[in-house]
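# Residue-level structure breakdown
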Amino acid sequence: MSILESELRAGLSALESAGLRRTLRVISGEHGPRANYCGRSLIMMSSNNYLGLAADPRVKQAAISAIARCGVGAGASRLIAGSLEPIHRLEARIARFKGTEAALVFGSGYLANLGTLTALAGPGDAIFSDELNHASLIDGCRLAKANLNVYRHCDVVHLRSLLEQSSSTRRRIIVTDSVFSMDGDFAPLREIVALAGEFKAAVMIDEAHAVGVVGPRGAGLAAKLGLEDAIDIQIGTLSKAIGAYGAYVAGSQVLIDFLINRARSFIYTTGLPPSIAAAAESAIDIIASEPDRIRRLWDNASYLRTQLEAAGFTIGRTDSPILPLLVGEARTAVEMAQHLFERGIYVIAIRPPTVPDGTARLRLTPISEHTRADLDETLTALVQSGRELGLIA
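What comes next is a walk through the structure. (Residues numbered from 1 in each chain as written. Predicted model: local features only at pLDDT ≥ 70, side-chain atom pairs only at ≥ 80, totals over all residues. Heavy atoms only, no water.)

Here we come to the side chain of arginine 78. The topology assignment puts arginine 78 in helix α3 (residues 78-81). Engagement of the side chain of arginine 78 in a polar contact is seen with the side chain of serine 83, the distance being 2.8 Å. Ignoring sequence-local partners within four residues, the contact set of arginine 78 consists of Ser83, Ile87, His88, Glu91, Leu104, Val105, Phe266, Thr269 and Gly271. (Helix = DSSP H or I, 4+ residues; strand = E, 2+ residues; numbered from the N terminus. Polar contact = N/O pair within 3.5 Å; in protein donor to acceptor, adjacent residues only side chain to side chain. Contact = heavy atoms within 4.5 Å.)

Given below as structure tokens:
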């Protein structure tokens, strides 16, 4: 055994002892309200496929048709091998959906956030980032090499104080999730936009968990609050409610043109497969034309939350269909997730460093396609497990 392998084994053992080791489970078949694992059908409560579109027949057919027309891969980066027509169609559709002049598609949300932040900020600039932002935002802020100011979660008073201390900064960018992925709460966008105007700062939001879920036609929190024109940079994913893969940046044409020239994670990455672009465009059309999907999602989340709280569970401060069932210790959360798995419920324990120490949780995400029977079966398993572990009476 090499020295490196020995050290890595020790590191894995330490993670195991702390209840923090992660493993992969192989799922067969489609992603939907249920998942097939080793011949078992489990109710899926850990998916971001909020509207069930990942397996929608129309979305699948759009991908198949694009493969027939354009093949499988994009060949190279879009600036080298040419930019395939389905991607341009998708970008135009995203811009209409988000109410912006233009949009640019990236290979993932991680690449979109890294590329945008490192293109727009650098030495002499200042970034103001919510402490509970997604890891991709955090890493993008760090890689930008700007002066990074982290403000307390959703604390606009703290944000103001940091802005007041940045008078000598060339460019200021306030960065926040619109819906926070682990807590499900909304960012105070109105107050952030007001501060940005006062201190001449740009605002960048990540709508990953808002698109398809919040606002008119699922256009996001910015649209819900009527702030589309006041927010400079809107990031979103194609892999959650839209059910495909990739991400986008939406904003002014000047912003998009600048990113095409300066965002390294766009310039040096192969373009999105045309099948994925066509699937995402189809999904956006469905979201815009079938608002009942969004209603069913919120109804399911409301029912599940009401019943869990009535049973004595503590649900976090969520404003969205993300339901953080707070457990506390990582090992307890892992044990509860295993109990649920054995009872036919697929739920993953969320542990540090994804969430702060002492706040391990089960992150429950019902989707629009879950039936009331699915939810009741989930509730029964949760109550049984919660009682066994002493979380509820």
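Here we come to the sheet that holds strand β3 (residues 102-106). Taken together, 7 strands build an open sheet; the order of strands is β3-β9-β8-β7-β6-β4-β5 and the sheet is mixed. Two strands lie at the open edges of the sheet, namely β3 and β5 (147-151), each paired on one side alone. On average, adjacent strands in this sheet sit at an angle of 20° to one another, irrespective of strand direction. Judged from the 5 bridges that link them, strand β6 (residues 172-177) and strand β7 (residues 202-206) form a sheet pairing that is parallel. (Pairing = 2+ DSSP bridges. Axes fitted to C-alpha atoms, helices over the stretch in contact; angles between N-to-C directions.)

Geometrically, the link from proline 352 to proline 353 is a cis peptide bond, its omega value of 10° lying close to zero. With respect to the helices and strands, proline 353 occurs in the loop between β12 (349-350) and β13 (360-364). The backbone phi angle of cysteine 154 is positive, close to 60°, even though this residue is not glycine. Among the structural elements, cysteine 154 can be located in the loop between β5 and α7 (156-164). The backbone of arginine 217 shows a phi angle near 55°, a positive value even though the residue is not glycine. Of note, arginine 217 is situated in the loop between β7 and α9 (221-224).

Quick look at the side chain of arginine 363 now. Looking at the element boundaries, arginine 363 is found in strand β13. It is aspartate 183 that comes nearest to the buried, bridge-free arginine 363 among opposite-charge side chains, at 9.1 Å. A distance of 3.0 Å separates a polar atom in the side chain of arginine 363 from a polar atom in the side chain of asparagine 48. At 2.7 Å, the side chain of arginine 363 and the backbone oxygen of serine 181 are in polar contact. Those residues in contact with arginine 363 that sit more than four places away from it in its chain are Met45, Ser46, Asn48, Tyr50, Ser181, Met182, His209, Ile322, Leu323, Ile348 and Ile350. (Buried < 20%, exposed > 50% of the residue type's maximum accessible area, 1.4 Å probe, protein only. Lys, Arg positive; Asp, Glu negative; His and termini not counted. Salt bridge = Lys/Arg side-chain N within 4 Å of Asp/Glu carboxyl O.)

Attention now goes to the nonpolar core. In this structure, Leu90, Ile174 and Leu238 are the most contacted members of the largest nonpolar core, which totals 59 residues. With 7 residues, helix α12 (residues 274-289) is the single largest residue contributor to this core. Ignoring any residue separated from it by four or fewer positions in sequence, one finds isoleucine 174 in contact with Phe128, Tyr151, Leu159, Leu163, Ile192, Ala196, Ala201, Ala202, Val203 and Met204. Listed in part, the 28 residues of the second largest apolar core include Leu308, Ala337, Ile345 and Ala349. (Core = buried A, V, L, I, M, F, W, Y, C linked by side-chain atoms within 4.5 Å.)

In spatial order, the strands read β1-β2-β11; together these 3 strands make up an open sheet with mixed pairing. Edge strands, defined here as strands with exactly one partner in the open sheet, are β1 (34-37) and β11 (345-346).

It is worth spelling out the pattern of salt bridges at this point. Pairing between side chains of opposite charge can happen when the charged atoms of each approach one another. One pass over the full model with this rule turns up 28 salt bridges. Salt-bridge contacts for arginine 361 lead to aspartate 183; the nearest nitrogen and oxygen are separated by 3.0 Å. Placement of the pair is arginine 361 in strand β13 and aspartate 183 in the loop between β6 and α8 (189-199), with a sequence separation of 178 residues. Take arginine 361: its relative accessible area is 3%, and that puts it in the buried class. One salt bridge in this structure joins glutamate 309 and arginine 305, with 3.3 Å as the shortest N-O distance. Of the two residues, glutamate 309 and arginine 305 are both situated in helix α13 (residues 291-310); the distance of 4 residues between them amounts to about one turn of the helix. Looking at glutamate 309, the relative accessible area reads 37%, which means it is partly exposed. Arginine 305 sits in the partly exposed class, given a relative accessible area of 25%.

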